[in-house]
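So you can see what is in the structure, the chains are spelled out below.
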Amino acid sequence: MNTRDPFNLRSGSTAFSILQQSTTRAASSAASYTRQAGQQALEAGKQALEDAGLADGMSFAVPRNVPTFNDPQRRYEDSVWGSSGRSRYAENGHGHSGVAEKIGGIFGDSRKGLPMYKDKPYNYGASIRRPRWFKRKRVMGSLLLLAFGCFYWLGWLSPGDGQKPKSKAGSTWGIFSGQEKNVDWEERREQVKDAFKLSWEAYEQHGWGYDEFHPVSKKGRYMATNGLGWIIVDALDTMMLMNLTKELNHAREWISTSLSYEKDQDVNTFETTIRMLGGLLSAHYLSQILPAFEPIGGSPDEDLYLEKASDLADRLLTAYDSPSGVPYASVNLKTLKGIPSHADGGASSTAEATSLQLEMKYLAFLTGETHYWEKAEKVIEVVDNNGAKDGLLPIFIYADSGTFRGNEIRLGSRGDSYYEYLIKQYHQTSKQEPIYLDMWKEALAGVRKHLITYSKPSNLTVLAERPSGLDGHIHPKMDHLVCFIPGTIALGATGGLNTSEAKKLSTWGAQQEEDMELARQLMKTCWGMYKATATGLAPEIAHFNIYDPPQMMRHGILKSPETLDPADDADWKQDYVIKPADTHNLQRPETVESLFYMWRITGDEMYREWGWEMFQSFVKYTMVEDGGFSSIGNVNDIPPSSRDNMESFWLAETLKYFYLLFGPNDVLPLDEIVLNTEAHPLPRFDPNRKRLSTGWKRIPRDANGNLIREEKETGTHKTTITTTKGSAV
Ligand code: DMJ
């Protein structure tokens, strides 16, 4: 039985009311916090200026001493994340952590006295490199400190006096935004951490080592003898970001002593790659750049994460040994044999076959082993050589022939992450592989042309499906899975920069503006999937009422309401149709994932507020009373029935994205990393440093998008191969 109850679920009050109270508390304390923090910033700023010999002539005197707090956890966070350190309230609610102390971590030696992680530096040169955002901390710290002091001096950080904030929420950017609206985002972020801790504690207590966890029945299940680390490995990097050292040590010990991939077990090639390989690689990456997790030499398993990753990747790579190079759906970890899918005529899912590249390419970069790179990129070449029209791919592909099965097109299940990995591959290799940008642009243009339609009566933007190919009818359905797309479109438009920076680039233009608008509209539709239900949680799938004939985006853009009216009888709710089979919620991450990108990229605080509403709904309706969180059966039932299952992506993705959404923007800057499709952060790198480069070229297309192949016999004569035909609608 869990004893911790941060959301006070067991007190008789609802979690929601407790959250409301804590929100109010946080808001009222924000005023005194900002005043005190501003004062401390000035003190620290003066100290810094004095240290630099610049403070002569300042007309005011401030005490040189600032409060000191000795909690090691707080010292760690303050120093690791620099400007990102949250305010740490003392037990009695007073005595906020000094900004100066946080900034001390930037200026001073942050390593002393840190909780050390028993590992050693990994000696592949590239991986030891600190990312730019880490190196920039001192400079950023100085600038932020001065800016903070100035804002305080100008009275902009004085919400306690009842004055309105001086700038609009929509234009906010960075650490001050929450304070302007009296919202303590750090407090909210801390609540996400509490939700993670509750989930983890329940798992540790009742499901430790199991790959599945059922928090209501308090049981677990192995997917293979003694487990594959499905939940533990997937959660590693979230624990690192949250600095949960005790929990992380336990996980690491289990990986070191209990995890073996030498198992006569069939596993799904894609899921094992994105969750396990991705989880190990990101744990390796973060352990290189976060001081508290930096490896220390000498222990027998000093390169634990990377060794496990290489071992696993070698096994997974045998799935690619098909006649075409497209991986089989599954692979046996011991016999090293690829296994065709038992369904779908043996075809692999297209998304699954094409969302393995970020992981394999990073491993190739780390180890210098080019075969990881070559096998993964070969898949994309084979897929692209099918010449799918307008960059939109059928959702099944045969591993034996490398050709598509059927012509069903969607960006939901089985289609989704193919598109995501196009733009992310371009970013991962620091824009050295324009081929993937080309493919991304083609696909996004295809989406606009064939898949974007409008709902009625409110003209919400819908990314629909084409179950019979581009010539067939449009099916106005969106899996929740599609909701990764607003964030990915925004990421593609700005490269991960916020729009104010991206707009200064020569590459910015009308297309990027249009892309951002499409991202905003789709974000609203995904948000509506939550707002339209009784619990405030999205169903697994939403259908839409659309016009007859469908109003396609290519016929003209329709205007929708700026905001979604929360009233029960609001018109826009008629646009959504939730079918009985689709009412469950698996605590999926895609919408909060997109909110995170949209917040970082636009700086519009509305996206954070939407995320906060969502988070409260998750707490209210998916928390299990005596421990953990579970997916639910029906988003329109109050209270909803529990499905008694906690997916690993709840820890790996959903809570991580909430945590990042409510946290500071300098943690994992989007222009320096890529997140794999399971939310595992990997660094961007220059492939030339390891002599890695794109090993293929696209077959040219004619004006209609058909492949132009050169006939081998003559070597000169060109033949147009007509591929899938255009759309009829
Ligand atoms: C995750 O495993 C990944 O995000 C994947 O791309 C899609 N499905 C789940 C989450 O919904």
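## A closer look at the confidence of the model for the protein chain
So, point 1. Chain-level statistics for the protein chain give a pLDDT mean of 81 and a share of 72% at 70 or above.
So, point 2. Of the regions scoring below 50 in pLDDT, residues 137-142 engages in 11 contacts with residues more than four places distant in sequence or in other chains.
So, point 3. Overall, residues 724-729 carries pLDDT values under 50, and its contacts beyond four positions in sequence, including any with other chains, amount to 20 contacts.

## Remarks on the environment of serine 287
So, point 1. As for its placement among the helices and strands, serine 287 is situated in helix H11 (residues 269-289).
So, point 2. Sequence separation between serine 287 and tyrosine 305 is 18 residues; the distance between their C-alpha atoms is 9.2 Å.
So, point 3. Here serine 287 is in contact with Met240, Phe293, Glu294, Pro295 and Tyr305, once residues within four sequence places are set aside.

## Details of the site of the ligand
So, point 1. Taken together, Glu271, Ile274, Arg275, Leu481, Arg588, Pro589, Glu590, Phe649, Glu653, Thr677 and Glu678 are the residues near the ligand.
So, point 2. Interatomic distance of 2.6 Å between a side-chain N/O atom of arginine 588 and an oxygen atom of the ligand.
So, point 3. Take glutamate 590: an N or O atom from its side chain is 2.6 Å from an oxygen atom of the ligand.
So, point 4. Taking 290 Å² as the accessible area of the ligand by itself, protein coverage stands at 93%.
So, point 5. Looking at the shell around the ligand, the elements that each hand over two or more residues are H11 and helix H23 (648-662).
So, point 6. The biggest single contributor to the shell around the ligand is H11, with three residues.
So, point 7. Considering only residue class, the shell around the ligand consists of four nonpolar, one polar and six charged.

## A few points about the nonpolar core
So, point 1. Within the largest apolar cluster, 177 residues are counted, with the highest numbers of intra-cluster contacts made by Leu236 and Phe615.
So, point 2. Here this core takes 10 residues from H11, the largest share from any one element.
So, point 3. Among residues more than four places away in sequence, those in contact with leucine 236 are Leu248, Ala251, Ile255, Gly279, Leu280, Ala283 and Tyr305.

## Let's talk about the packing of aromatic side chains
So, point 1. Evaluated as defined, the whole model comprises 25 aromatic pairs.
So, point 2. Three or more aromatic residues link up through ring pairs in this structure, and these residues are Trp185, Trp612, Phe615, Phe618, Phe629, Trp650, Phe658 and Phe662.
So, point 3. It is arginine 188 that lies over the ring of tryptophan 185; its NZ or CZ is 4.5 Å from the centre.
So, point 4. Sitting above the plane of the phenylalanine 365 ring, lysine 690 keeps its charged end 4.8 Å from the centroid.

## So, the sheet that holds strand E5 (residues 338-339)
So, point 1. Pairing within the open sheet is antiparallel, and its three strands lie in the order E3-E4-E5. Looking along the sheet, the strands with just one partner apiece sit at the ends: strand E3 (266-268) and E5.
So, point 2. By the bridge criterion, three bridges tie E3 to strand E4 (residues 330-332) in an arrangement that is antiparallel. Bridging from a neighbouring strand, valine 267 pairs with valine 331 of E4.

## Quick look at the environment of aspartate 211
So, point 1. Inspection of the secondary structure puts aspartate 211 in the loop between helix H8 (185-206) and strand E1 (212-214).
So, point 2. Sequence spacing of aspartate 211 and tryptophan 230 is 19 residues, and the spatial spacing of their C-alpha atoms is 4.7 Å.
So, point 3. Contact partners of aspartate 211, with chain neighbours within four places excluded, come to Arg221, Tyr222, Met223, Ala224, Gly227, Leu228, Gly229, Trp230 and Ile231.

## Section: the pattern of salt bridges
So, point 1. Counted under the stated rule, the structure contains 28 salt bridges.
So, point 2. Of the charged contacts, one joins aspartate 438 and arginine 698 as a salt bridge, the two residues approaching to 3.0 Å between their closest N and O atoms. You can see aspartate 438 sitting in helix H17 (residues 434-451) and its partner arginine 698 sitting in the loop between strand E14 (681-683) and strand E15 (707-710), a full 260 residues away along the chain.
So, point 3. The class of arginine 698 is buried, set by a relative accessible area of 15%.
So, point 4. A salt bridge links arginine 698 to glutamate 442; the nearest nitrogen and oxygen atoms lie 3.1 Å apart. Here arginine 698 is found in the loop between E14 and E15, whereas its partner glutamate 442 is found in helix H17, with 256 residues between them in sequence.

## Some details on the pairing of strand E11 (residues 541-544)
So, point 1. Side chains Ile541 and His543 project from E11 onto one buried face, and the interleaved Ala542 and Phe544 project onto a second face that is buried too.
So, point 2. As defined by bridge partners, strand E10 (residues 477-479) adjoins E11 across three bridges and the pair is classed as antiparallel. Paired with methionine 478 across the two strands is alanine 542, which belongs to E11.
So, point 3. The pairing of E11 with strand E12 (residues 576-577) spans two bridges and is antiparallel. Along E12, the bridge assignment pairs histidine 543 with valine 577.

## Considering the state of the cysteines
Cysteine pairs can be covalently joined through their sulfur atoms, and such a bond is termed a disulfide.
So, point 1. According to the stated counting rule, one finds one disulfide in the structure shown.
So, point 2. Note on cysteine connectivity: cysteine 483 is disulfide-linked to cysteine 526, with sulfurs 2.1 Å apart. Across the S-S bond of cysteine 483 and cysteine 526 the torsion is about -95°, and the bridge reads as left-handed. Of this pair, cysteine 483 sits in the loop between E10 and helix H18 (485-494) while cysteine 526 is found in helix H20 (residues 510-531), placing the two residues 43 residues apart along the sequence. You'll find cysteine 483 and cysteine 526 in the same group, each marked buried.

Calculation criteria
- Residues numbered from 1 in each chain as written.
- Predicted model: local features only at pLDDT ≥ 70, side-chain atom pairs only at ≥ 80, totals over all residues.
- Heavy atoms only, no water.
- pLDDT = per-residue confidence, 0-100.
- Contact = heavy atoms within 4.5 Å.
- Helix = DSSP H or I, 4+ residues; strand = E, 2+ residues; numbered from the N terminus.
- Near = heavy atom within 4 Å.
- Polar contact = N/O pair within 3.5 Å; in protein donor to acceptor, adjacent residues only side chain to side chain.
- Areas by Shrake-Rupley, 256 points an atom, 1.4 Å probe, with all protein chains shown as cover.
- Nonpolar A, V, L, I, M, F, W, Y, C, P; charged D, E, K, R; others polar.
- Core = buried A, V, L, I, M, F, W, Y, C linked by side-chain atoms within 4.5 Å.
- Buried < 20%, exposed > 50% of the residue type's maximum accessible area, 1.4 Å probe, protein only.
- Phe/Tyr/Trp six-rings, centres within 6.5 Å; stacked < 30°, edge-to-face > 60°.
- Lys NZ or Arg CZ within 6 Å of the ring centre and 35° of its normal.
- Pairing = 2+ DSSP bridges.
- Salt bridge = Lys/Arg side-chain N within 4 Å of Asp/Glu carboxyl O.
- Disulfide = S-S within 2.5 Å.

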